[in-house]
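# Close look at the chain arrangement
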Amino acid sequence: MKKIISIYLDSFKGLSQAAWLLAVVMLINRMGSMVIPFLGLYMTQVLHFDIKQVGIVLMSYGIGSVCGSYIGGWLTDRIGSFKVQFGSLVLASPLFLLIPLFKEVQSLSIMIFTLSLIFDAFRPANSVSVASYAKPENITRAFSLNRLAINLGFSIGPAAAGFLATISFNWIFYGNSFAVMCAAVIFFIFFNKRQKRTDVKAKKEALANSNIIVKQSRNPYTDIPFVLFNIFCCIFSFCFFQLITTLPIFYREVHHLDDHQIGFLLGWSGFVIVLLEMFVVHVAEKRFSLISTLVFGTALCALSYAMLNYMGGLGWLYFTFFIFGLGEMLTLPFMATVSVNRSTPKTQGAYMGFNSLAFSAANIFSPLLGTSIVDSFGFTTLWWATALTLSFTGLGFYLVLKWMR
């Protein structure tokens, strides 16, 4: 037990001050993660959209996310990650307040597209900041710390949203807007004029010793192995995003949970990740290869979706989310590491933007296809199809990473 505690504490050591400050900003930002997890419920309960209309609106979120990821990566390489992140937060905050004014499918789709375009420009810029401020030997753990903050915020946000929804769904939009503006203010205070790490030589040496070969000149969109890697990331994300699109509806319609219970269930996954991710990543880095970690993590995510077809009680749903959380810990941080290691200092924005784009692209088709499968065949078919797709994705990761190495 003492050894386990010692390893757990070691997983937090050695991270730069800037890495911790970025995590604080991300925590505050994601504490407002109220709108997206409850958007499907808002449209079905308040606006009385049918499930296909819900899929159309959520698809517009995905299209905006793709555009935002590309623009965010492009701008980061030209004007810097600070301006992109600060501008994204400042512009997105008031947009959350405007969402309740749009009550038709077409107008709400345009509003959600605009919001996601601006809000998701933040992601590649933030990833570049994490890589730029991290110590070379701690890049994966720096990404894990950032994700820990995201998931801690995400465990608080949906739980708070579930409570606010019992008062009025409009309060969810107000809370999200307030959290994003607070994140913008604190980010400006912490990072305005802060110098990034200048130890480029050490970082190059660390990357040279990694599993991924670094070249001095490389375009992510013509880097064939990286393109294939991002295709599999996109497929993984397609399955992953059922978590915030169809899963809350599944909880409502099949298990008859109320908003409060759904909020706590969604928050449970984040709590598990907060508690264990740094420890899991620290152990995985030292004892397992990058390939085996990604493949095993993808397999756990596949298992968790298959488990949803067993109609257990509330405890079973919590256990399912626990398995999913373990899989998420072993996949998402290491995907970011592959992207960083594959890039050069001058192309980090483009590489992280492409990787973010792969996740965002899944948002285009994931909600629409997921809701369409449910409408035509039911939730059981959706969960089996998702589990099978993730199984093939794990095989794809194995093959492409062997090629990259």
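Residues numbered from 1 in each chain as written. Predicted model: local features only at pLDDT ≥ 70, side-chain atom pairs only at ≥ 80, totals over all residues. Heavy atoms only, no water.

Within an unreviewed UniProt entry, the label attached to the protein chain reads MFS transporter, and the organism entered is Sphingobacterium ginsenosidimutans. Checking UniProt for the protein chain, the heading Subcellular location (unreviewed entry) contains the comment "Cell membrane". (UniProt positions renumbered as here; feature names shortened; annotations may be inferred.)

Let us look at unusual backbone geometry. Its identity as a non-glycine residue notwithstanding, His48 has a phi of 60 degrees, on the positive side. Along the polypeptide, His48 turns up in the loop between α3 (35-45) and α4 (51-79). Residues other than glycine seldom take positive phi values, yet His256 does so here, at roughly 60 degrees. Among the structural elements, His256 can be located in the loop between α12 (247-253) and α13 (259-287). (Helix = DSSP H or I, 4+ residues; strand = E, 2+ residues; numbered from the N terminus.)

To continue, consider the packing of α4 against helix α7 (residues 122-133). In contact at an axis separation of 6 Å, α4 and α7 are set at 40 degrees when each is read in the N-to-C sense. One way to sum up the angle between α4 and α7 is to call them oblique. Every residue of α7 that contacts α4 at Ser65, Ser69, Gly72, Gly73 and Thr76 is listed here: Arg123, Pro124, Ala125 and Val128. Within the contact of α4 with α7, the residues separate by chemical class into three nonpolar, five polar and one charged. (Axes fitted to C-alpha atoms, helices over the stretch in contact; angles between N-to-C directions. Parallel < 35°, antiparallel > 145°, perpendicular 65-115°, else oblique. Contact = heavy atoms within 4.5 Å. Nonpolar A, V, L, I, M, F, W, Y, C, P; charged D, E, K, R; others polar.)

We now examine a nonpolar patch on the surface. On the surface, a nonpolar cluster with roughly 400 Å² of combined accessible area is contributed by Val90, Met181, Val185, Phe188 and Ile189. For Ile189, the position within the fold is in helix α9 (residues 170-191). By relative accessible area, which is 59% here, Ile189 ends up exposed. (Patch = residues over 30% accessible without salt bridge, like charges linked within 9 Å, V, L, I, M, F, W, Y side chains within 5 Å. Areas by Shrake-Rupley, 256 points an atom, 1.4 Å probe, with all protein chains shown as cover. Salt bridge = Lys/Arg side-chain N within 4 Å of Asp/Glu carboxyl O. Buried < 20%, exposed > 50% of the residue type's maximum accessible area, 1.4 Å probe, protein only.)

Before going further, it helps to spend a moment on the pattern of salt bridges. Tallying each qualifying case throughout the model produces two salt bridges. Across the salt bridge formed by Arg123 and Asp120, the nearest N and O atoms sit 3.6 Å from each other. Between Arg342 and Asp223 there is a salt bridge whose closest N-O contact spans 2.9 Å. Of this pair, Arg342 sits in helix α16 (residues 332-342) while Asp223 sits in the loop between α10 (200-208) and α11 (224-240), placing them 119 residues apart in sequence. Pair check on accessibility: Arg342 and Asp223 agree, each one buried.

Okay, the packing of aromatic side chains next. Enumeration over the complete set of coordinates arrives at 25 aromatic pairs. Here Phe379 and Trp383 contribute two aromatic rings whose centre-to-centre distance is 6.0 Å and whose plane-to-plane angle is 25 degrees, an arrangement assigned as stacked. Here Phe379 pairs with Trp383, and both are found in helix α18 (residues 379-404), just four residues apart, close to one helical turn. Feature note: the residues Phe236, Phe240, Phe241, Phe250, Tyr251, Tyr305, Phe321, Phe324, Phe379 and Trp383 constitute an aromatic cluster, connected by ring pairs. (Phe/Tyr/Trp six-rings, centres within 6.5 Å; stacked < 30°, edge-to-face > 60°.)

Packing of helix α14 (residues 290-307) against α18 leaves a shortest axis separation of 8 Å and a crossing angle of 175 degrees. One way to sum up the angle between α14 and α18 is to call them roughly antiparallel. Where α14 approaches α18, its residues Ile291, Leu294, Val295, Thr298, Cys301, Ala302, Tyr305 and Ala306 are matched on the opposing element by Trp383, Trp384, Thr386, Ala387, Leu390, Ser391, Thr393, Gly394, Phe397, Tyr398, Leu401 and Lys402. Here the residues of the contact of α14 with α18 are counted per class, giving 14 nonpolar, five polar and one charged.

Turning next to helix α17 (residues 348-377). The end-to-end C-alpha distance of α17 is 42 Å, a good match for the 44 Å that 30 residues give at a rise of 1.5 Å each. Taking the largest bend as the criterion, α17 deviates by roughly 35 degrees, centred on Phe365, and proline Pro367 comes between one and four positions later. Within α17, 22 of the 30 residues are buried, which leaves it mostly tucked inside the rest of the structure. (Expected span 1.5 Å × (residues − 1). Bend = angle between axes of the 7 residues up to and from the residue.)

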